[in-house]
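This is what each chain is made of:
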Amino acid sequence: MMSNSTSLTVSYFILGAYLNIGYLRYLCFMITAMLYIVIVVANTSLIVVICVNRSLHEPMYLFLCSLFVNELYGSTGLFPFLLVQILSNIHTLSAPLCFLQIFCLYTYANTQFCKLTVMSYDRYLAICYPLQYHTRMTSNKAVILIILVWLYSFVKFLITLSLNIRLTLCGNIIDSLNCNNHLVVKLACSDTQVNNIYGLFNTALSVLGPLFPILFSYMRILRVCFSGSKQTRQKAFSTCTPHLVSLLNFSFGCSFEMFQSRFDMSGVPSVLRIILSLYFLIIQPLMNPVMYGLQMSKLRNICKHVLRYKLK
C-alpha cells in the first residue's frame, strides 16, 4: 500500500469501497452481468430498429439513436471493470485503465446532458413551430448537432484529463467502486489550483450550459400547451414526458455522485452509498430504451411489428 505522505509514481489505484461479502459476490456478479446484458440488448435493438427503418430517419429518432449509443458507451465504461472487480480479491486498477474509465464515464455524463438539451430544443421546435419544423430541423442538421455534442464533450474532458495526468500523487486509495476524477485530484500533493479552478468552471458549464436552453424550451412549450388545442397538449405530453423523466432521473443520479465525491458521506450506510453512486450509470441506460420504446407511438408500433414477425 502506498503511503499518503510520500510522493511516488502511481502505477495502480486501489478501489476502497468494495465490501467483503464472501460468496455473495457470485450472486452480485450474476445480477450485474444480467443488468449489462439487458442494457446492451435493449439499446442495441432500438438502435438497429431506427437505423433499418427509413421511416424513422427523422431528427427526433436520430437524436434518440444517438442517446442509445451513448447509453452503450457509458455502460461499457463501467460494467466490464465492475464485473472484474466483483470477482477479484484485490480491488486494484492500473493507472492507464483508471484514467480511461474516468474519461469514458465523464464524457458519457456530459454527452448525456448535451443530448438531452438538444432534444429539448428539438421538441420546442416541433411543438411551437410545427409548420416550420422540417425546415428548421432537418436530418442533416440533426447529424451535425450530434457530432458537435460528441466533439465538445471529448475535447472538454481531454483538457481535464491532461491537467490530472500531470499531478504528483501521494496516495493511490480511491474510496469508490470506480475511478473518480475528483477523488484522484484529492490524492495530489502537488499544486491543484489550476485543476480546481478549471473543475469549477467545467462543472458550472456542464450544469448551467444545458439548464438555460432546457428551461427556455419548456417554458415556451408550456405556454403553447396552455393556449393550444387538446391535440397539441397530447402531442406535447407523449413526446416530452420521457424526456423530462430521463432528464430529472439523470440529474438526480449525477447530483448525488458529485456530492459524494466532494463531501463527507460517512453518515450514509455503505450499501445505500454504493447503490446511489451507481444509480445514474445503471438506471439511466435501463430506463431510457423502455420509456422511449413504450411512449413514442411510431417507435413502439415498429417494435411490435418486428416482434410479431420474429415470433411467427
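Throughout what follows, the structure given in this document is the object of discussion. Model, not experiment: these values are computed from the prediction.

**Let's talk about the nonpolar core**
Item 1. Counting residues in each nonpolar core, the largest one holds 82 residues, and the members touching the most others are Phe13, Leu64, Ile174, Ile221 and Leu299.
Item 2. Element by element, the count of residues in this core is highest for helix α3 (residues 95-128), at 18 residues.
Item 3. Residue contacts for isoleucine 221: discarding those within four places in its chain leaves Ser120, Arg123, Tyr124, Ile127, Cys128, Ala236 and Cys240.

**Considerations on the sheet that holds strand β3 (residues 173-174)**
Item 1. Pairing is mixed across the open sheet formed by three strands, whose spatial order is β2-β1-β3. Where the open sheet ends on each side, the last strands, each with one partner, are β2 (92-94) and β3.
Item 2. Across three bridges, strand β1 (residues 12-15) lies against β2 in antiparallel orientation. When the sheet's bridge partners are listed, isoleucine 14 is paired in β2 with threonine 92.
Item 3. Against the sheet, α3 contacts β1, β2 and β3, and its axis sits at roughly 90° relative to β2.

**Remarks on the pairing of β1**
Item 1. Examined bridge by bridge, β1 and β3 share two bridges and lie parallel to one another. Within the sheet, the bridge partner assigned to isoleucine 14 lies in β3 and is isoleucine 173.

**What to know about the packing of aromatic side chains**
Item 1. For the structure shown, the criterion picks out 18 aromatic pairs.
Item 2. Summarising the aromatic geometry, the rings of tyrosine 23 and tyrosine 26 are spaced 6.3 Å apart at their centres and angled 25° between planes, so their arrangement reads as stacked.
Item 3. With a relative accessible area of 71%, tyrosine 23 lands in the exposed category.
Item 4. For tyrosine 26, a relative accessible area of 39% corresponds to the partly exposed category.
Item 5. Summarising the aromatic geometry, the rings of tyrosine 121 and tyrosine 124 are spaced 6.0 Å apart at their centres and angled 40° between planes, so their arrangement reads as tilted. A residue pair is termed a helical-turn pair when its members lie 3 or 4 positions apart in one helix, as tyrosine 121 and tyrosine 124 do in helix α3 at three residues.
Item 6. Ring pairs connect the aromatic residues Tyr73, Phe103, Tyr106, Trp150, Phe154 and Phe157, which therefore count as one cluster.
Item 7. Across the ring face of tyrosine 129, the terminal group of arginine 136 is positioned such that the distance to the ring centre comes to 4.2 Å.

**Concerning the layout of surface pockets**
Item 1. In this structure, the largest pocket occupies an estimated 1,000 Å³ of space.
Item 2. Taken together, 45 residues form the lining of the largest pocket, with Phe113, Thr203, Ser206, Val207 and Met258 sitting closest to its centre.
Item 3. Contributing elements (two or more residues each) for the lining of the largest pocket: α3, α5 (139-165), α6 (181-186), α7 (193-227), α8 (230-262) and α10 (279-295).
Item 4. Sorting elements by how many residues they give to the lining of the largest pocket places α7 first, with 15 residues.
Item 5. Its residues assigned to classes, the lining of the largest pocket comprises 24 nonpolar, 18 polar and three charged.
Item 6. Considered as a void within the structure, the second largest pocket measures approximately 730 Å³ in volume.
Item 7. Lining the second largest pocket are 25 residues, with Ile21, Cys28, Ile86, Leu177 and Ile274 sitting closest to its centre.
Item 8. Here the lining of the second largest pocket takes five residues from helix α1 (residues 24-52), the largest share from any one element.
Item 9. Class assignment for the residues of the lining of the second largest pocket results in 17 nonpolar, seven polar and one charged.

**Topic: a nonpolar patch on the surface**
Item 1. On the surface, Leu19, Ile21, Leu24, Leu27, Ile31, Val271 and Ile275 cluster together into a nonpolar patch covering about 640 Å² of accessible area.
Item 2. Those elements giving two or more residues to the nonpolar patch turn out to be α1 and α9 (270-277).
Item 3. If one sorts the elements of the nonpolar patch by residue count, α1 sits on top with three residues.
Item 4. We classify leucine 24 as exposed; its relative accessible area is 52%.

**Topic: empty space enclosed by the protein**
Item 1. Evaluated as defined, the whole model comprises two cavities of 30 Å³ or more.
Item 2. Only α2 (59-87), α3 and α8 provide two or more residues apiece to the lining of the largest cavity.
Item 3. Considering each element in turn, the lining of the largest cavity owes the most residues, three residues, to α3.
Item 4. Taken together, the residues of the lining of the largest cavity break down into five nonpolar, two polar and two charged.
Item 5. Phe63, Ser66, Lys115, Val118, Leu145, Ile146 and Val149 are the residues that line the second largest cavity.
Item 6. Broken down by element, the lining of the second largest cavity gets its largest block of residues, three residues, from α5.
Item 7. Per-class residue counts for the lining of the second largest cavity are five nonpolar, one polar and one charged.

Reading the values: rules and limits
Residue indices follow the written sequence of each chain, beginning from 1 at its first position. In keeping with the model being predicted, local features are shown solely for residues with a pLDDT of at least 70 and side-chain atom pairs are shown and tallied solely at 80 or more, while totals for entire chains, interfaces and linings include all residues. Where side-chain values are given, they derive from all heavy atoms of the structure, hydrogens and water being excluded. For our purposes a nonpolar core is just a set of buried Ala, Val, Leu, Ile, Met, Phe, Trp, Tyr and Cys residues, chained together by side-chain atoms within 4.5 Å. When accessible area is computed with a 1.4 Å probe and restricted to protein chains, residues below 20% of their type maximum are described as buried, those above 50% as exposed, and intermediate ones as partly exposed. Helix numbering and strand numbering both begin at the N terminus, where a helix is a DSSP run of H or I of at least 4 residues and a strand a DSSP run of E of at least 2. The contact criterion used throughout is that any non-hydrogen atoms of two residues lie within 4.5 Å. Strand pairing follows a simple DSSP-based rule, namely that at least 2 bridges must link the two strands. Fitted lines through C-alpha atoms serve as axes, helices being fitted only where they are in contact, and the angles separating the N-to-C directions of these axes extend from 0 to 180 degrees. Aromatic pairs are defined between Phe, Tyr and Trp rings, using the six-membered ring for Trp, whenever the two ring centres lie within 6.5 Å; interplanar angles under 30 degrees are classed as stacked, those over 60 as edge-to-face, and all others as tilted. Whether a charge lies above a ring is judged from NZ of Lys or CZ of Arg, which has to be within 6 Å of the ring centre and within 35 degrees of the ring normal. Residues are called lining when one of their atoms sits within 4 Å of a cavity or pocket point, these points coming from a 1 Å grid over the protein atoms alone, where a cavity is a set in which a 1.4 Å probe fits but cannot get out and a pocket is an open set with protein on both sides within 12 Å along at least five of seven lines. Grid points are joined across faces, edges and corners, and a volume is the space filled by probe spheres set on the points. Residues are grouped as follows: Ala, Val, Leu, Ile, Met, Phe, Trp, Tyr, Cys and Pro are nonpolar; Asp, Glu, Lys and Arg are charged; every other residue, Gly included, is polar. Surface patches are defined over residues having more than 30% relative accessible area and no salt bridge, joining like charges when they lie within 9 Å and nonpolar side chains (Val, Leu, Ile, Met, Phe, Trp, Tyr) when within 5 Å. Accessible areas in this description were obtained via Shrake-Rupley with a 1.4 Å probe; residue shielding takes into account the shown protein chains only. The rule for a salt bridge is simple: a side-chain nitrogen of Lys or Arg has to be within 4 Å of a carboxyl oxygen of Asp or Glu.

Don't take any of this as a statement about function, it's just geometry.
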